[in-house]
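The lines below spell out each chain.
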Amino acid sequence: MDRRDFLVKSTVIGLSLATGCGRSLGHRQQKDAAVRMLTSGSQNHFFGYYGINPWNRDKTYVLSLEAPFNNRLPNPGEKAAIGLVDMKTGAFNRITETNAWNLQQGCMLHWNPLNPNTEFYFNDVSDGRLVSVRFDIRTGNRTIVADTISGLSKDGKSAVHVNYGRISRLRKVVSYSGTSDPNPDVAYPEDDGVFIIDLLTGQKRLAVSYKQMADDILTYHPEIDERHMWVEHADINRDGTRFLFLPRTWNKDASKLETGLYTVGLDGTGMRRLIPYGSSVSHFGWRNQNELIATFNYPADSRSHVFLADTADRVQFQPVEPFQWDGHCSFSLDGKWLLTDGSKDTKQMTNSVWLYGMETGQHRKLATMQMLEERFLKGDARCDLHPRFSDDNSMVCVDGIDPKSGNRQIFIIETGI
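Rules of the game
Residues numbered from 1 in each chain as written. Predicted model: local features only at pLDDT ≥ 70, side-chain atom pairs only at ≥ 80, totals over all residues. Heavy atoms only, no water. Helix = DSSP H or I, 4+ residues; strand = E, 2+ residues; numbered from the N terminus. Rg over C-alpha atoms; globule rule 2.2 N^0.38 Å. Buried < 20%, exposed > 50% of the residue type's maximum accessible area, 1.4 Å probe, protein only. Contact = heavy atoms within 4.5 Å. Areas by Shrake-Rupley, 256 points an atom, 1.4 Å probe, with all protein chains shown as cover. Lys, Arg positive; Asp, Glu negative; His and termini not counted. Charge placed at Lys NZ, Arg CZ, Asp CG, Glu CD. Pairing = 2+ DSSP bridges. Salt bridge = Lys/Arg side-chain N within 4 Å of Asp/Glu carboxyl O. Polar contact = N/O pair within 3.5 Å; in protein donor to acceptor, adjacent residues only side chain to side chain. Core = buried A, V, L, I, M, F, W, Y, C linked by side-chain atoms within 4.5 Å. pLDDT = per-residue confidence, 0-100. Phe/Tyr/Trp six-rings, centres within 6.5 Å; stacked < 30°, edge-to-face > 60°.

J.: Help me understand the overall build of the chain in this model?
T.: Counting its regular elements, the chain contains three helices and 29 strands. The C-alpha atoms of the chain give 20 Å as radius of gyration, which agrees with the globular expectation for 417 residues (22 Å, within 12%). Put simply, the chain has 417 residues, and 59% of those count as buried. In the chain, once contacts between residues fewer than 6 apart in sequence are set aside, the share between residues at least 24 apart is 53%. Within the structure as shown, the chain displays about 16400 Å² of accessible surface, and the carbon and sulfur contribution to it stands at 46%. Across the chain, the 48 positively charged side chains and the 50 negatively charged ones have centroids separated by 4 Å.

Structure representation (structure tokens):
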């Protein structure tokens with residue numbers, strides 16, 4: 001299918017992208033914001049993925065993992081500690097541990113929206129089974145809820161689950177060591193895909209199968225027949241009615257990821273192809289119930305941050321002109337600010353954090369982070385900044401590199417908004 005077929009309607013999203021896209025927020029605000037290295041020491045501290053609030057409701061603590069290394073993937077049986085970092089002192093207080101973690105996504109830590117000051121979720125391995133755990137910081141109780149979680153609804157009642165065992169076979173960098181795929185010989189299993197978990201009961205149901213995904217993709221990319229497919233990322237929209245997911249395969253010689261972006265209702269109905277497979281979709285973020293951003297090849301030879309809407313009609317792509325690169329993109333809770341990283345500089349060994357005003361079209365660099373070595377900018381042990389907003393937009397949390405020790409540490413950036 002020609003991607004131009006998706007370019008219809010003149011104002012699907014209604015954002016002010018036509019004016020001021022290239023403007024900055026003024027000379028004073030162009031200076032890098034205040035940056036504080038929160039954690040320190042001989043151990044590595046990091047949160048993991050982007051677009052997830054790491055603070056408890058009172059903003060007294062930041063959730064963090066602690067690991068003794070940051071230069072390779074974890075081996076089976078190597079655990080990471082989970083703890084609370086004191087926002088005043090930077091001290092790491094270990095409270096539990098996990099067997100299901102990696103350097104890129106951590107263990108998918110999420111504060112529980114129903115108890116955002118005292119409970120959080122994380123992924124773990126229990127008796128050989130991949131599970132999600134709800135942890136109470138008051139009592140230390142660990143409650144196994146269901147299978148692993150990839151994303152939570154804002155009301156705390158639902159979660160999306162993808163099979164990390166399958167990911168372990170097909171892309172180890174974002175998987176959990178020592179886990180296995182129940183369908184290692186099946187390219188598109190009918191009994192696996194993206195599941196919805198009821199967090200109140202622990203029950204799960206298959207919302208969209210790999211067979212359903214492949215049936216659609218094969219209609220316009222028949223060459224992927226029998227290439228093994230997996231879903232690496234899935235996330236629920238702001239009102240808990242739909243979720244997005246990224247079906248992936250390797251290309252013919254397994255040298256490049258091929259990805260599309262689809263959405264479907266939490267009840268498994270109304271699957272929509274928003275970005276066709278083959279567009280190399282990498283990152284995404286919901287702005288509200290039907291608007292989102294994604295980074296993918298648009299135009300075909302250029303990676304861009306692009307706005308689009310989750311509609312039943314054909315979709316218009318609207319690139320964010322200042323951000324013509326890949327980046328971990330997400331929105332503030334009020335939808336007024338876009339946060340992303342990227343524009344990596346392998347000569348200066350830096351990465352950067354950026355803000356974009358949705359109502360003004362203005363943008364500014366929040367901070368330039370020193371990354372020390374090229375291995376922290378690319379490869380399986382890279383240290384992506386993975387920026388995350390606080391719920392009041394006043395702070396951003398990133399995983400960075402301590403310029404003195406070379407250890408991975410958590411940094412806090414003041415936004416000034």
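J.: It is not clear to me how the sheet that holds strand β23 (residues 330-331) should be interpreted in this structure. Could you clarify?
T.: Picture the strands of a sheet paired through backbone hydrogen bonds; they go either parallel or antiparallel. Spatial strand order, β23-β24-β25-β26: four strands in an open sheet with antiparallel pairing. Sheet topology places β23 and β26 (363-370) at the edges, where each strand pairs with a single neighbour. Judged from the two bridges that link them, β23 and strand β24 (residues 337-345) form a sheet pairing that is antiparallel. In the sheet register, Ser-330 faces β24, and the bridge partner there is Leu-339.

J.: What exactly am I supposed to notice about the side chain of Glu-66 here?
T.: You can see Glu-66 is positioned in strand β3 (residues 61-67). Within the buried set, Glu-66 has no salt-bridge partner at all; the shortest N-O distance to an opposite charge, 6.0 Å, is to Arg-94. Within the structure, Glu-66 has its side chain in polar contact with the side chain of His-45 (distance 2.7 Å). Not counting residues within four places of it along the chain, the set of residues in contact with Glu-66 comprises Gln-43, Asn-44, His-45, Ala-80, Ala-81 and Phe-92.

J.: How should I be thinking about the nonpolar core in this particular structure?
T.: Where a protein is soluble and globular, its nonpolar side chains tend to be buried together. Counting 74 residues, the largest nonpolar core has Trp-101, Leu-109, Val-194, Phe-243, Phe-245, Leu-261 and Ile-275 as its most contacted members. Ranked by size, the runner-up nonpolar core spans 20 residues in total, among them Ala-33, Leu-339, Val-353 and Val-396.

J.: What exactly am I supposed to notice about the pairing of strand β12 (residues 193-198) here?
T.: Regular strands show a simple pattern: their side chains alternate between the two faces of the sheet. The buried fraction of β12 amounts to five of the six residues, a majority that puts the element mostly inside the structure. Of the strand pairs in this sheet, strand β11 (residues 158-162) and β12 are connected by five bridges, and their pairing is antiparallel. Within β12, the position partnered with Ser-158 by the bridge is Asp-198. Sheet analysis places β12 next to strand β13 (residues 204-209), joined by five bridges and oriented antiparallel. Residue pairing across strands places Ile-196 opposite Arg-205, the latter belonging to β13.

J.: I keep staring at the environment of Leu-109 and nothing clicks. Help me out?
T.: Looking at the element boundaries, Leu-109 is found in the loop between β5 (92-98) and β6 (110-111). Taking relative accessible area as the criterion, Leu-109 reaches 1% and is therefore assigned buried. In contact with Leu-109, not counting residues within four places along its chain, are Phe-47, Ile-52, Leu-63, Ser-64, Leu-65, Ile-82, Phe-120, Tyr-121 and Phe-122.

J.: Is there a simple way to explain the pattern of salt bridges in this structure?
T.: Side-chain pairing between opposite charges can occur once the charged atoms of the two side chains come close. Applying the stated criterion across every chain, the model contains 26 salt bridges. Its salt-bridge partner being Lys-211, residue Asp-215 comes within 3.1 Å of it at the nearest N-O pair. Residue Asp-215 and its partner Lys-211 are located together in helix α3 (residues 210-217), separated by four residues, close to a single helical turn. Judged by its relative accessible area of 38%, Asp-215 falls in the partly exposed class. Judged by its relative accessible area of 30%, Lys-211 falls in the partly exposed class.

J.: In this structure, what is going on with the sheet that holds strand β9 (residues 142-146)? I would like to understand it.
T.: If you walk across this open sheet you meet the four strands as β6-β7-β8-β9, and the pairing is antiparallel. Of all strands in the sheet, those with a lone pairing partner are β6 and β9, marking the two edges.

J.: Could you clarify how one ought to interpret the pairing of strand β20 (residues 291-297) in this entry?
T.: The element β20 is largely enclosed, with a buried count of seven among its seven residues. Here strand β19 (residues 283-286) runs beside β20; their pairing, made up of four bridges, is antiparallel. The residue of β20 that forms the bridge with Gly-285 is Ile-293. As paired elements, β20 and strand β21 (residues 303-309) share seven bridges and run antiparallel to each other. Its bridge partner being in β21, Thr-295 is matched across the sheet by His-305. Counting the residues in the hairpin turn of β20 and β21 gives five residues.

J.: Looking at this structure, how should I read the confidence of the model for the chain?
T.: Detailed reading of the predicted coordinates is not advisable wherever pLDDT falls low. Looking at the chain as a whole, its pLDDT mean stands at 91, while 92% of the residues score no less than 70. Within the model, the stretch residues 1-30 combines pLDDT values under 50 with 77 contacts to residues more than four positions away or in other chains.

J.: Hey, could you run me through the side chain of Asp-399 in this one?
T.: Within the secondary structure, Asp-399 sits in strand β28 (residues 395-401). Among the polar contacts made by the side chain of Asp-399, one reaches the side chain of Arg-388 at a distance of 2.9 Å.

J.: Before we go on, may I ask you to explain the packing of aromatic side chains in this structure?
T.: Given two aromatic rings, one states the distance between the centres and the angle between the planes to describe the pair. By the definition in use, this model includes 20 aromatic pairs. Where Tyr-298 meets Phe-317, the ring centres are 5.2 Å apart and the plane angle is 75 degrees; that geometry is what we call edge-to-face. In this pair, Tyr-298 is assigned in the loop between β20 and β21 and Phe-317 in the loop between β21 and β22 (318-319), connecting sequence segments 19 residues apart. Across the pair, Phe-317 and Tyr-298 agree in class, each one buried. Relative to Tyr-356, the ring of Phe-323 has its centre 6.0 Å away and its plane inclined at 65 degrees; by these criteria the two rings are edge-to-face. Here Phe-323 is found in the loop between β22 and β23, whereas its partner Tyr-356 is found in strand β25 (residues 350-357), with 33 residues between them in sequence.

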